[in-house]
Protein chains: 2
Amino acid sequence: MSRTAHKPPRPTARALLAENLRRLRAENDWSQYDLAQRSGVDRSFIAHVERQARNVSVDVLERLAIALQVPIGELFAE
Amino acid sequence: MSRTAHKPPRPTARALLAENLRRLRAENDWSQYDLAQRSGVDRSFIAHVERQARNVSVDVLERLAIALQVPIGELFAE
């Protein structure tokens, strides 16, 4: 059996987004409610996104990125 | 009148996405049809995205990124 280094599967876009949203909120010491207030995105929607349970649109991604003051690509940082 | 350097407004997420899709297609020498074939995303939908006329979802963004073999964040490179 060849000993090729086992590369973990690439994280999905939803997983990257969930992870980065949580990280960026923590860096700002914001609750989901705080991010909802600043982005105008519904708090429970944010909660679903952080559980990878929503197929978020680019316009909503933009509102979240603006509120977090990061380039939108940062929401998918690996 | 103060001579503050005039900073152009930041491009919208839709504008970044449109520009990067066209750039990445050109780098691969792909038509919209070629990208549609490889991503499973409808060609006319791709045409609309490249005209900033669609509010694309993260799952569709992922299919485009996989077809173009780039990290999803590359679709929003500035």
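Residues numbered from 1 in each chain as written. Chains lettered and ligands numbered in written order. Predicted model: local features only at pLDDT ≥ 70, side-chain atom pairs only at ≥ 80, totals over all residues. Heavy atoms only, no water.

*Asks:* Looking at this structure, how should I read the interface of chain A and chain B?
*Replies:* One widely used convention gives an interface's size as the accessible area the parts lose upon coming together. Tallying the contact residues gives 19 residues for chain A and 19 residues for chain B. Between chain A and chain B we count 2 salt bridges in total. Its salt-bridge partner being A:Asp59, residue B:Arg14 comes within 2.7 Å of it at the nearest N-O pair. Along the contact surface separating chain A from chain B lie 12 residue pairs in polar contact (both at pLDDT 80 or more). At the level of elements, helix H1 (13-28) and helix H4 (58-68) of chain A are the ones that each hand at least two residues to the side of chain A that touches chain B. Of all the elements, H4(A) adds the most residues to the side of chain A that touches chain B, at 4 residues. (Contact = heavy atoms within 4.5 Å. Salt bridge = Lys/Arg side-chain N within 4 Å of Asp/Glu carboxyl O. Polar contact = N/O pair within 3.5 Å; in protein donor to acceptor, adjacent residues only side chain to side chain. Helix = DSSP H or I, 4+ residues; strand = E, 2+ residues; numbered from the N terminus.)

*Asks:* What's the story with unusual backbone geometry in this structure? I'm lost.
*Replies:* Excluding glycine, residues mostly have negative phi values, and the peptide bonds linking residues are mostly trans. At A:Gln69, a residue that is not glycine, the phi angle is positive and equals roughly 55°. If you trace the backbone, A:Gln69 turns up in the segment after H4. Take A:Gln69: its relative accessible area is 72%, and that puts it in the exposed class. Phi at B:Gln52 is positive, roughly 60°, even though this residue is not glycine. Within the fold, B:Gln52 resides in the loop between helix H3 (43-50) and helix H4 (58-68). (Buried < 20%, exposed > 50% of the residue type's maximum accessible area, 1.4 Å probe, protein only.)

*Asks:* Where do I start with the relation of the copies chain A and chain B in this structure?
*Replies:* Turning one copy of the chain about an axis and sliding it along that axis gives the other copy, so a rotation and a shift relate them. With an RMSD of 0.0 Å, the fit of chain A onto chain B corresponds to turning through 180° and sliding 0.0 Å along the axis. In symmetry terms, the pair is related by a two-fold rotation axis. (Least-squares fit on C-alpha atoms with pLDDT ≥ 70 in both.)

*Asks:* Help me understand the side chain of A:Arg25, please; the structure alone is not making it clear to me.
*Replies:* Along the polypeptide, A:Arg25 turns up in helix H1. The contact partners of A:Arg25, leaving out residues within four places of it in the chain, are A:Trp30, A:Ser31, A:Gln32, A:Leu35, A:Glu50 and A:Leu68.

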